[in-house]
Amino acid sequence: MNLKETRMKLCRRASELAGYRGTVGFVPTMGALHAGHLSLVGECRKACDTVVVSIFVNPTQFNDPKDLENYPRTEEADLALLEAAGVDFVFAPPVEEIYPTPDTRMFDFGGLDGVMEGEHRPGHFNGVGQVVSRLFDIVKPDKAFFGEKDFQQLAIIRHMVRQLGLGVEIVGCPIVRDTDGLARSSRNMLLTREHRQAAPHIYEVLSDAVRSLRGAVSVADAKRIITERIDAEPLLKTEYIEIADAVTLQPAGSWGNAVGDLRCFAAVHAGNIRLIDNIAI
Ligand code: PAF
């Protein structure tokens, strides 16, 4: 595609991000864009005068080097989608622009990272904190848009912004699902045909469970039942099911003890691909 003929500006360097108008909205991504990302861009476009999207596969948030290597990279197609969505600036830097020297900062997320993804992917959220704070520093947005599919990430970023006084309004946007219920994710394109057909079973089980299990069985039994139901599909293997407070993310001991609303969180392997999902209870 010839970007010279479009109004979208592709920037590889921080210094090229110049000439903003009015309020600046930012959608950070790792590329391999899908309808979930485009809904964030749509919300950003509605709320802000200037829309900036970053495409950067952040090495520091991958605890598994194989996962980093296999992460899908589809820049050409991403740029075409972003241009059609009316984006003003795409920031797609090389690694050295984000990390001129190794980032050794350690974040304190107040325990929000001690459970679920934080527990199962050591160092992941510290890497997310590093890249998001660095991107905010470069892009200088007024508002930034994140999807609720990564619900724990959203909570951690809100916490970081408050703790460091970053002055960015964080906007959470609902999960976008395929018509069969599978939460949209860049990793879905890596699924085999068979695993893609099996994957909607995760949401089927979660949505049925939240209707039928709350109050009917204990929280511990509900987690066991949900795990068994997901694993009844031979192509799926549950890594964890958690029922946790939607604000503190701490596991709920009972249905009544939650401070705020409860949510059910799932991480499931479909072959080599790890999928996550969550749903309000
Ligand atoms: O959610 C993602 O795609 C990434 O974690 C993010 C926020 C772009 C940081 O690399």
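We now turn to the structure provided with this report. A quick note: this is a predicted structure, and the numbers were derived from the prediction, not measured.

**A short note on the sheet that holds strand β1 (residues 9-11)**
Argument step 1. Strand order in the open sheet made by the 6 strands is β1-β4-β3-β2-β5-β6, with parallel pairing throughout. Pairing within the sheet leaves two strands with one partner each, and these edge strands are β1 and β6 (169-173). Each neighbouring strand pair of the sheet contributes to a mean axis angle of 25°, computed without reference to strand direction.
Argument step 2. Note: strand β5 (residues 143-147) against β6, 5 bridges, orientation parallel. Bridge pairing in β6 links Lys 143 to Glu 169.
Argument step 3. Its contacts with the sheet place helix α3 (residues 75-84) against β1, β3 (50-55) and β4 (89-91), and it is angled at close to 170° to β3.

**Some remarks on the site of the ligand**
Argument step 1. All residues in the neighbourhood of the ligand are listed as Pro 28, Thr 29, Met 30, Gln 61, Val 131, Phe 146, Asp 150 and Gln 153.
Argument step 2. The side chain of Gln 153 places a nitrogen or oxygen atom 2.7 Å from an oxygen atom of the ligand.
Argument step 3. For the ligand, whose unbound accessible area comes to 290 Å², protein coverage reaches 89%.
Argument step 4. The residue makeup of the shell around the ligand, split by class, is 4 nonpolar, 3 polar and 1 charged.

**Let's talk about the environment of Phe 146**
Argument step 1. Assignment of secondary structure puts Phe 146 in strand β5.
Argument step 2. Between the C-alpha atoms of Phe 146 and Ser 133, which are 13 residues apart in sequence, the distance is 14 Å.
Argument step 3. Not counting the four nearest positions on each side in its chain, Phe 146 is found in contact with Pro 28, Leu 40, Val 132, Phe 136, Gln 153, Leu 154, Ile 157, Ile 170, Val 171, Gly 172 and Cys 173.

**Re the pattern of salt bridges**
Argument step 1. According to the stated counting rule, one finds 22 salt bridges in the structure shown.
Argument step 2. Residues Arg 196 and Asp 180 are paired through a salt bridge, measuring 3.0 Å at the closest nitrogen-oxygen approach. Here the residue Arg 196 occupies a position in helix α8 (residues 193-198), and Asp 180 occupies one in the loop between β6 and α8, the gap between them amounting to 16 residues.
Argument step 3. Since its relative accessible area comes to 36%, Asp 180 is described here as partly exposed.
Argument step 4. Here Arg 211 makes a salt bridge to Asp 208, at a shortest N to O gap of 4.0 Å. Here the residue Arg 211 and the residue Asp 208 both occupy positions in helix α9 (residues 201-212), the gap between them amounting to 3 residues, near one helical turn.
Argument step 5. Overall, the relative accessible area of 33% leaves Asp 208 in the partly exposed class.

**Things to note about helix α10 (residues 219-231)**
Argument step 1. With 13 residues, α10 should reach 18 Å at 1.5 Å per residue; the first-to-last C-alpha distance of 18 Å fits that figure.
Argument step 2. All buried positions along α10 are accounted for by Val 219, Ala 222, Ile 225, Ile 226 and Ile 230. An end-on view of α10 places all buried positions within 130° of arc, on one side of the element.

**So, the packing of aromatic side chains**
Argument step 1. Within this structure, the stated rule accounts for 7 aromatic pairs.
Argument step 2. Summarising the aromatic geometry, the rings of Tyr 20 and Phe 89 are spaced 5.4 Å apart at their centres and angled 80° between planes, so their arrangement reads as edge-to-face. A residue pair is termed long-range when its members are at least 10 positions apart, and Tyr 20 in the loop between β1 and β2 (24-29) and Phe 89 in strand β4 qualify at 69 residues.
Argument step 3. Residue classification places Tyr 20 among the partly exposed residues on the basis of a relative accessible area of 25%.

Conventions we followed
- Residues numbered from 1 in each chain as written.
- Predicted model: local features only at pLDDT ≥ 70, side-chain atom pairs only at ≥ 80, totals over all residues.
- Heavy atoms only, no water.
- Pairing = 2+ DSSP bridges.
- Helix = DSSP H or I, 4+ residues; strand = E, 2+ residues; numbered from the N terminus.
- Axes fitted to C-alpha atoms, helices over the stretch in contact; angles between N-to-C directions.
- Contact = heavy atoms within 4.5 Å.
- Near = heavy atom within 4 Å.
- Polar contact = N/O pair within 3.5 Å; in protein donor to acceptor, adjacent residues only side chain to side chain.
- Areas by Shrake-Rupley, 256 points an atom, 1.4 Å probe, with all protein chains shown as cover.
- Nonpolar A, V, L, I, M, F, W, Y, C, P; charged D, E, K, R; others polar.
- Salt bridge = Lys/Arg side-chain N within 4 Å of Asp/Glu carboxyl O.
- Buried < 20%, exposed > 50% of the residue type's maximum accessible area, 1.4 Å probe, protein only.
- Expected span 1.5 Å × (residues − 1).
- Arc of directions from axis to C-beta.
- Phe/Tyr/Trp six-rings, centres within 6.5 Å; stacked < 30°, edge-to-face > 60°.

Function-wise, these values are silent; they only describe arrangement.
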